[in-house]
Amino acid sequence: MKLFTKTLSLVALLLLAIAPKANAATGDITIDDIKFNAGDTYTVEVNLTSSELIINPQFDVVLPAGLQFVQDSQATGGLLSRRHTMNVAQQSDGSYRFVVVSSSNAAVNATEGVLCTFQVTAANILNGEIAIKNKSMVLNSDHSASITPENTTSKVDVDIDVNVSVPATSLEVTPGEQFSINFDMENTAKICGLQADLTLPEGVTLVETVDGNIGYTDRIPDDVTIDATLKDGKWRIVMTSLTNTPVVGTEGTLFTLDLIADETMDITGDVVISGIVVSATNGDGKYFDDVFTVTLTNKAAVEKAAAQEALTAEIEAAKELVGEDESEAATALNEAIAAAQAALDKDEATTEELNAATEALKQAEETYQEAVEAAAAAEKAAAEEALNSEIAAANELLGEDATEAGEALKEAVAAAQAVADNEEATTEELNAALETLKQAEETFNEAKEAEAAAEKAAAEETLTAEIAAAKELVGEDDSEAATALNEAIAAAQAALESEEATTEELNAALETLKQAEEAFNEA
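All residue numbers refer to positions counted from 1 along the written sequence of the respective chain. Owing to the predicted nature of the model, reporting of local features is limited to residues with pLDDT of at least 70; listing and counting of side-chain atom pairs is limited to 80 or more, with chain, interface and lining totals taken over all residues. Side-chain measures were taken over the full set of non-hydrogen atoms in the model, leaving aside hydrogen atoms and water.

(A) Examining a negative patch on the surface more closely. Patch building starts from residues that exceed 30% relative accessible area and form no salt bridge, then joins like charges within 9 Å and nonpolar side chains (Val, Leu, Ile, Met, Phe, Trp, Tyr) within 5 Å. Residue exposure ignores everything except the shown protein chains as possible cover, and the areas themselves are Shrake-Rupley values with a 1.4 Å probe. A pair is scored as a salt bridge if a Lys or Arg side-chain nitrogen falls within 4 Å of a carboxyl oxygen belonging to Asp or Glu. In this charge count, Lys and Arg are treated as positive and Asp and Glu as negative; neither His nor the chain ends contribute. Taken as the charge centre is NZ of Lys, CZ of Arg, CG of Asp or CD of Glu, depending on the residue. A cluster of acidic side chains, namely D32, D33, E45 and E129, defines a negative patch on the protein surface. Relative to the assigned elements, E45 resides in strand β3 (residues 41-50). Secondary structure elements are defined from DSSP: runs of H or I of at least 4 residues count as helices, runs of E of at least 2 residues count as strands, and each element is numbered from the N terminus.

What follows is the structure, encoded as structure tokens:
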């Protein structure tokens, strides 16, 4: 090793001796920040960047205390070819000098990439820096020119290989029933100690057993203890081993939080695990920033809230259904609504009572609906019967009438019959058809009455004229024939003056008077 070191030093001095002054070309040799677990071996990449191709790069690597260079682990990177040799030697100050040698002064393959790699390892946790100094590289285009970048550093973070987790994020719990939350750990490091803070929601407590208030698993050896103590509203969980005995295995549940809720628990609450610190048998430790939250849902409270919500909705639906109805069926439904509201307003009502009240109200709504439908059916049947009866009356009224008024009534009867024959016709449509038909009948009757009045007026006018003609005919005659004619005139005048006389009676009086006149003339 000493002979190799001296030879490498002479090569480096020779390269430095022929190196020219720096020029405008730029470049650098760097190492990215590294992070790995204690006990592992990590491959470090040395990166080179330059504005043009270079030859014979070299640099020194200074490792922090606790980070060891793995002997003979250096290897050429993608920038180097078979014509290049990577030599590494430890210097008197503890640094490692890396020199790329090429007997033919071959340039690197590109201006950017991995120059070489080497491996490091660490037994314990550490935080430090790798320094790269004494950097130099010669320009391929001008062997008398070189680049000498400034010293750089990269961060080193060596941790212990351990991770913790809480698989559950939410749980449904029932007051009075025990439930558990698992605390899991994956580790290759030998873990013998742990500390964590536990916050529980109101109404939730740890279950006490003969082994304490934390649930052990097969990963906990006999001489490792776990316990939780309450202080200032927060539980401090501590796992310790007086004999520094590590936990068993490398993965799975480490311990369980065995919990129970009482009736004072709200609908929801959070179990929070934070401030987690683990320690290994070699003295290394690790603090976790993770905060694990498991949201608990009070199943009974949720079910009661759901039952209250359902009953509230059903009450509103029932009120909308009954509206302003004042029927006997409506009275029964309103009583059911009042009973449901009383159950809803009762603070001590159980979920079962609320659900029963909802079902009872639904049944009352169903009964009301059936009553409404039955009433509607009866109302429609009555409307159908009334319409059919009116159609029959209209047909009887119409008879054989062929007048314009009669034709209008015929059309109204046909329209009413079409509605009566329609099975889908509503009660409102049946009643509307009935009213339309009645109006048509009234119009028909008015037309017939007007026609009769005109006929009577004509009959009165004719009779009046005939009476006048008869009086003129008889004159002052006082014969027996004249007496008969005057009696006929008096009878016709009496019919004419009678308000109750019909057209037929007036016409009959007219005919009688004419016959009397004819008899008088013959006499």
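So much for the structure itself; the text now carries on.
(B) View of the nonpolar core. One finds I191 and L257 to be the most contacted residues of the largest nonpolar core, which totals 41 residues. Two residues form a contact once any of their heavy atoms are found within 4.5 Å. Sequence-distant contacts of I191, defined by excluding residues within four places in its chain, comprise I160, V162, M185, M239, T245, P246, V247, V278, S279 and A280. Put simply, buried Ala, Val, Leu, Ile, Met, Phe, Trp, Tyr and Cys residues joined by side-chain atoms within 4.5 Å make one nonpolar core. Buried residues are those whose accessible area, probed at 1.4 Å on protein chains only, stays under 20% of the maximum for their type, while exposed residues exceed 50% and partly exposed ones sit between those limits.

(C) Focus on the confidence of the model for the protein. The quantity known as pLDDT measures the predictor's confidence residue by residue, on a range of 0 to 100. On average, residues of the protein carry a pLDDT of 92, and 96% of them reach 70 or more. The model gives residues 1-22 a pLDDT under 50, and that stretch makes 32 contacts with residues more than four places away or in other chains.

(D) The arrangement of the packing of helix α2 (residues 299-322) against helix α3 (residues 328-345) in detail. Contact geometry of α2 with α3 gives a least axis separation of 10 Å together with a crossing angle of 160°. As summarised for this structure, α2 and α3 are arranged roughly antiparallel, according to the angle between their axes. Where α2 crosses over α3, the two elements pack in a sense that is left-handed. Of the residues in α3, those touching α2 at Q308, L311, T312, I315, A318, K319, L321 and V322 are A330, L333, N334, I337, A340, Q341, A343 and L344. Interaxial angles span 0 to 180 degrees and are taken between N-to-C directions of axes, which are lines fitted to C-alpha atoms, for helices over the stretch in contact. Orientation is classified from the angle alone, with under 35 degrees giving roughly parallel, over 145 giving roughly antiparallel, 65 to 115 giving roughly perpendicular, and any other angle giving oblique. With the far helix as reference, a near helix turned anticlockwise by less than a right angle produces a left-handed crossing, and one turned clockwise produces a right-handed crossing.

(E) Fine view of unusual backbone geometry. One non-glycine residue, D72, lies in positive phi territory at about 60°. Summarising the element assignment, D72 is placed in the loop between β5 (68-69) and β6 (75-76). With a relative accessible area of 62%, D72 lands in the exposed category. Within the chain, N244 stands out as a residue other than glycine whose phi angle is a positive 60°. By the element assignment, N244 lies in the loop between β20 (234-241) and β21 (253-261). On the accessibility criterion, N244 (38% relative accessible area) is partly exposed.

(F) Looking closely at the pattern of salt bridges. Enumeration over the complete set of coordinates arrives at eleven salt bridges. With a shortest N-O distance of 3.5 Å, K410 and E407 are connected by a salt bridge. Linking K410 with E407, this pair stays in helix α5 (residues 404-421), spanning three residues, or about one helical turn. You can call E407 partly exposed: its relative accessible area is 36%. When salt bridges that share partners are traced, they join D401, K448 and E451 into one network.

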